Structures are given as structure tokens and as C-alpha cells.
Amino acid sequence: MTEDQKFFAVLRQSADPNTVDAIETLVRAAPDRDLNRINALAFASQNGLDEDRVIGAFLHAARLGLFEMSWNVLCPGCGGVLESGLSLKSVNQSEYSCALCAAGYEPTLDEMVEVTFTVSPRVRKIAAHDPDTLPMHEYVRQIFWSSGIDLPDDYERRLDDIVLDAVELPPGERAILSLQLPAEFVIVFDPVTHAAQFIDVKGEPTRERQNLTLVLNETHPQNDTLVMQPGPLRISLENRTNRRVLPAVWVAGNELHHMLERRRPFLTAKRLLTNQTFRDLYRTDTLDIDQRLKITSLTFLFTDLKGSTELYERVGDLVAYDLVREHFRVLHDIVAAEAGAVVKTIGDAVMATFPTPDHAISAALRMREAMRSLNEERGSEDLLLKIGIHEGPCLAVTLNDRQDYFGQTVNIASRVQGLAVSRAIFATDAVVENPAASQIIQLQGLQPNLQKTALRGINDEFLVYEIP
């Protein structure tokens, strides 16, 4: 048995076997480009597999050393990768700029940071392990564009139509490009350094040669847009970096926009942080102590047991401990099954996160039913769960050596749980009025009761629903 066969044998012990089979086939048979920055959600769709099982399998595979995870900061406009690192700790700037779009963005974990998987060189050596050997077409495809760009099958032909001229320029070298400028908006762009020079080509055509000098370095400052006339252009290029660069002249017209308009779902940092397998495997190595990363929308669910103190007095410490532990196990399984993650337990309470409100509502209903079943098995009403849910923006932080969350959304969710009585689910209007969550509630035949209430420590009044 080879070393990688041993890895896959171990992987099957912790991940879904069908998913592992598909990953092993990918590693053995796929072309190089398909093994670089793998989009886990696209892989699941292509193979008819469950997304969460695929994510879990790739996470376990990365932990074993079969794959390397990369955290890529994306431009929400063009879908380019602005920066890539081996952990979320690399996302440490307050703003990232895209030279191609001439725009700056504050990073959020919702749609601006993707997580991808690249096969380890110890398992299979691929061209992208040495990206400076990739030709321009493949460098742009595999290194610059994110996994959320659904490039067409005729990608190379389309790129040839978009690029007027290009050159591969080694470190310290110079080159000259001579071309005819069309009456279009043109960008001289290098996908390696992300340097860009915009040229607005308009006016009467000219026969006189126009000249442009560009120096490529690591700082790639944003240049003002130049206005030129249609006609001959001579571009002098100098590479002052310590690596090969790939400057090219792009026509920023309909062809480019059409090629990039097709997008597909990708694994966001937000979704990974709310994945139970990720939290279990990487709980101590996610964020630096001083990092504060924004999430624009996350759903929080808090639970607590009613009368747990009386429970300990009534049945004794040993029995109560076993009951509470079983209740934690059940809640943990339900949270994981609904694409969520348990952030922490506090006494007899649970704090969990979900990527969207519908998953949290579904989990809450399943939790309530699970506690009812446990009570029926015991012939008593020992486990009475109180649940509160809220959705909104927050910060991902590290607290007490654990990846945690901070902000008013967390406070509100906790206070909403405090309103609940036994077997009650309380959720804010942001949750219940979410279309997908509302549909789940309707399919259960439930009629939420709306009430306006004040929450302890919160100035504003809130619209809160009780789901009976």
C-alpha cells in the first residue's frame, strides 16, 4: 500500500466513504488544474454529494496532509484573488484594493473570503505548486480568478479575444509591446503583481505612435486613467520584482464582462467558521488574539434548561449529570446536521451559530422534539428547553483561546433566549420573517405569536415571535 493509499484508508475512518472515494478519484485522474484551489461546493454539486459531508471530508483530508487549505481574499467585483494565505490569520488588513476594478473593500467573511483546497505535493505534484511556470492563460485561471468564477469551456479562446498582446517578463528584464489601440476602454494588467494602468481610448484615430512606460514592482500603485487615441501604441515594460510577471493588454469590454458574469457558490470563511467539523479540528488555530473580522450576517441560537438547579436536587448529581450530558450530545448532533456549530457551552446552556436563519429554525424545532422524546423515554419532564434566536452582523474574534463572536447581535440573541419559557422558541423578526425560515415554520403548521418587548440591557424595543 502506497503512502497516499494509507492516507485515504485513514480518511475513510473519519469521513463519508462515498465522498472519500470521489476525492480519491479526483486526485488520481483529474487534470492538474482541477486539483488547485478546489471549490468544495462545486465538487459536491458535480458529484451529487452532500455539501456538508464534502466540506467535512476535505477538512479531515487537510488535517491528514492530503490537501492544503488556502484562505483567499476576493474582490467582490471581478472575483479576483487579492491575497491568499494558509490560515485566516493572514486576513489582517483593514482594506484590500483591487487594481483591476480600481476599488477598495473592507474584508468581510461572508462573501469576500473563500476557502479552497489544493492537493499536497507529497500526494501529487501539479503545475500550480510552482505557479511561475504556468502560462498566462492558466495563471489567470488557476491563481488570479477565484473558485467562484464559473469560466466557460472555451475560456482560452475568449481570453485570446480579450487580450490584445501579452509578454512573459523574467525578473529584472525589459520588453516592448507594439500594438494598435482600438476605440475601447483598455487595461494594461499584470495578474502577478496586480498592477493596472487604465487607458480610455477615444477620439479621432491617429497614425502617430503613442508611447507608454510602465515599471512593475511590488507596490503596484493605482495610476490615473490615461486618455489616448485609437492607433499605434508602444509600451515599454520593466520588471523590478524578484519573480516573473505576465503583463498583458486587456480590452475591458463586453467580452470580458460576459466571461466573468457566470458565478457559482463557493465555500466562504463564514460558512467554515460555522461548521462543526472545522471547529472540532481547528479550534485553537483560527484567529490571532487581536483580529476582529466582520461578518455581515450570522444567526445565533442560545438554549438553556429550565429548572436545572431543581433537577439536580430532585434526581441527584449523578443522574442529573448523565441527563445533561445526553442533552448536550443531542443538541450537538442536531446543530452539526443543520450546517451549524456549537461555539460554547455555559453551564447548562449552549451557544450555536448557523449560516442562515432557516437552519437555526430547523435546528430549534428538532431540538424541541428531541427533548420531548427524551422525556417520554424517561416518563418525566426533566429536560425542558428554552431557545432564543437572532440574526445580524457581528465580529469573529478569539476569546479565552477559542474562536468566538462579539457584538450586539450576540447580546440580543442571548436576551431573546431569556424571554423563553419551557419548550418555547423565541426568535426576532429578522429570523422568522426570513423567507426560507418562514416556509419551514408554515410547513410545520405553526403560527408564531408576535409581540413587542424590551430586552434587558438593550435600549430599543424588539419585535419578537414566540413559536409555540
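Residues numbered from 1 in each chain as written. Predicted model: local features only at pLDDT ≥ 70, side-chain atom pairs only at ≥ 80, totals over all residues. Heavy atoms only, no water.

Some remarks on the overall build of the protein
In terms of regular secondary structure, the protein is built from 15 helices and 21 strands. Dimensions along the principal axes, computed over C-alpha positions, put the protein at roughly 95 × 60 × 40 Å. Put simply, the protein has 468 residues, and 54% of those count as buried. Put simply, 71% of the contacts in the protein that link residues at least 6 apart link residues at least 24 apart. (Helix = DSSP H or I, 4+ residues; strand = E, 2+ residues; numbered from the N terminus. Buried < 20%, exposed > 50% of the residue type's maximum accessible area, 1.4 Å probe, protein only. Contact = heavy atoms within 4.5 Å.)

So, the sheet that holds strand β10 (residues 210-216)
Taken in spatial order, the three strands of this open sheet run β7-β12-β10, and their pairing is mixed. Either end of the sheet is taken by a strand with one partner, and the two such strands are β7 (174-181) and β10. Here the average twist between neighbouring strands, direction ignored, is 20°. Sheet analysis places β10 next to strand β12 (residues 231-239), joined by seven bridges and oriented parallel. By the bridge assignment for β12, Leu-216 is matched with Asn-239. (Pairing = 2+ DSSP bridges. Axes fitted to C-alpha atoms, helices over the stretch in contact; angles between N-to-C directions.)

Examining helix α4 (residues 51-64)
Helix length check: α4, at 14 residues, gives a terminal C-alpha distance of 20 Å against a target of 20 Å (1.5 Å per residue), a fit within 8%. Three or more residues of α4 are buried, namely Val-54, Ile-55, Gly-56, Ala-57, Phe-58, Leu-59, His-60, Ala-61 and Ala-62. Between the side-chain oxygen at the start of α4 and the backbone nitrogen of Asp-52 there is a gap of 3.1 Å, and the oxygen is on Asp-50. Two residues or fewer past α4, Gly-65 is found with a positive phi of approximately 100°. (Expected span 1.5 Å × (residues − 1). Polar contact = N/O pair within 3.5 Å; in protein donor to acceptor, adjacent residues only side chain to side chain.)

Quick notes on the pairing of strand β16 (residues 349-354)
For β16, a buried count of six out of six residues is recorded, marking the element as mostly surrounded by other parts of the structure. Both faces of β16 are covered, namely the face carrying Ala-349, Met-351 and Thr-353 and the face carrying Val-350, Ala-352 and Phe-354. Looking at chain direction, strand β14 (residues 293-305) and β16 are connected through five bridges and run antiparallel. Within the sheet, the bridge partner assigned to Thr-303 lies in β16 and is Val-350. Of the pairings in the sheet, the one linking strand β15 (residues 341-346) to β16 comprises five bridges and is antiparallel in character. Pairing of Thr-345 across the sheet is with Val-350, part of β16. Between β15 and β16, which pair antiparallel in sequence order, lie two residues; one of them, Gly-347, sits at a positive phi of approximately 65°.

Considering helix α13 (residues 408-419)
With 12 residues, α13 ought to run about 16 Å at 1.5 Å a step, and its terminal C-alpha atoms sit 17 Å apart, in line with that. Within the span of α13, buried status applies to Thr-409, Val-410, Ile-412, Ala-413, Val-416 and Gln-417. Here the buried residues of α13 occupy an arc of 165° about the axis, which is enough to place them on one side. At its buried positions, α13 is contacted by β14, β16, β17 (385-399), β18 (402-406), β19 (425-428) and β21 (461-467). (Arc of directions from axis to C-beta.)

Section: the side chain of Arg-37
Examined against the element boundaries, Arg-37 turns out to sit in the loop between α2 (17-29) and α3 (40-46). Within the buried core, Arg-37 has no salt-bridge partner, and the shortest N-O distance to an opposite charge, that of Glu-114, equals 5.5 Å. A polar contact is formed between the side chain of Arg-37 and the backbone oxygen of Ile-143, at a distance of 2.5 Å. Other than its neighbours up to four places away in sequence, Arg-37 contacts Ser-70, Asn-72, Val-81, Ser-84, Thr-116, Phe-117, Thr-118, Gln-142, Ile-143, Trp-145 and Ser-147. (Lys, Arg positive; Asp, Glu negative; His and termini not counted. Salt bridge = Lys/Arg side-chain N within 4 Å of Asp/Glu carboxyl O.)

A short note on the environment of Phe-185
Relative to the helices and strands, Phe-185 is located in strand β8 (residues 185-190). When the C-alpha atoms of Phe-185 and Asp-200 are compared, they prove to be 4.8 Å apart, with 15 residues separating the residues in sequence. Residues in contact with Phe-185, not counting those within four places in the same chain, are Phe-198, Ile-199, Asp-200, Thr-225, Trp-250, Val-251 and Ala-252.

Digging into the side chain of Thr-206
Relative to the assigned elements, Thr-206 resides in the loop between β9 (195-201) and β10. A distance of 3.0 Å separates a polar side-chain atom of Thr-206 from the backbone nitrogen of Glu-208. Once residues within four sequence positions are removed from consideration, Thr-206 is found in contact with Gln-229, Pro-230, Gly-231 and Pro-232.

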